[in-house]
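Breakdown of the fold
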Amino acid sequence: MNITIQSVRFTASAQLEEFIQQKVGKLDQFFDGIVSAEIILRLDKSDSTENKVAEINLNIPGENLFAKKQCKTFEEGVDLSVDALRKQLIKWKEKVRAK
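Residues numbered from 1 in each chain as written. Predicted model: local features only at pLDDT ≥ 70, side-chain atom pairs only at ≥ 80, totals over all residues. Heavy atoms only, no water.

Residue placement: Glu 55 occurs in strand S3 (residues 52-60). Residue classification places Glu 55 among the buried residues on the basis of a relative accessible area of 13%. Residues within four places of Glu 55 in sequence aside, it is in contact with Glu 38, Ile 39, Ile 40, Arg 42, Phe 66, Ala 67 and Lys 68. (Helix = DSSP H or I, 4+ residues; strand = E, 2+ residues; numbered from the N terminus. Buried < 20%, exposed > 50% of the residue type's maximum accessible area, 1.4 Å probe, protein only. Contact = heavy atoms within 4.5 Å.)

See below:
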């Protein structure tokens, strides 16, 4: 799987990128046909502490899966997004098998 990480208006630390690679890489356990994953990290201009946005776009054959979470830390946002994508992958696999 090809993983692309973009950080908008800031530079992501190597530690954060490593964390993202590990988390997103685990999605292969649920579906091994994932072509690519595009992760976009953004700082939202809000007054609240939950101003970090993590978006993950998964490209799988015949479908694109997407999750976007806004949290206090990028790690938490990526964690929740990966969780949401895991559920979407399982649902998608069941739908494809039913055909």
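Attention now moves to the pattern of salt bridges. All chains considered together, the criterion is met by 4 salt bridges. With a shortest N-O distance of 3.2 Å, Asp 83 and Arg 86 are connected by a salt bridge. Highlighted residues: Asp 83 and Arg 86, both in helix H2 (residues 74-98), separated by 3 residues, approximately one helical turn. By relative accessible area, Asp 83 is classed as partly exposed at 34%. When salt bridges with common partners are traced through the structure, they connect Arg 42, Glu 55 and Lys 68 into a single cluster. (Salt bridge = Lys/Arg side-chain N within 4 Å of Asp/Glu carboxyl O.)

Here we come to the nonpolar core. Core analysis: the biggest nonpolar cluster contains 24 residues, and Ile 20, Val 24, Leu 27, Ile 39, Leu 41, Leu 58 and Leu 89 have the highest contact counts within it. Of all the elements in the fold, those that place two or more residues in this core are strand S1 (2-8), helix H1 (14-25), strand S2 (36-43), S3, strand S4 (63-71) and H2. By residue number, the principal contributor to this core is H2, which donates 6 residues. When near neighbours in sequence (up to four residues on either side) are disregarded, Leu 89 contacts Leu 27, Phe 30, Phe 31, Ile 34, Leu 58, Ile 60 and Leu 65. (Core = buried A, V, L, I, M, F, W, Y, C linked by side-chain atoms within 4.5 Å.)

These values are about where atoms sit, not about what they do.
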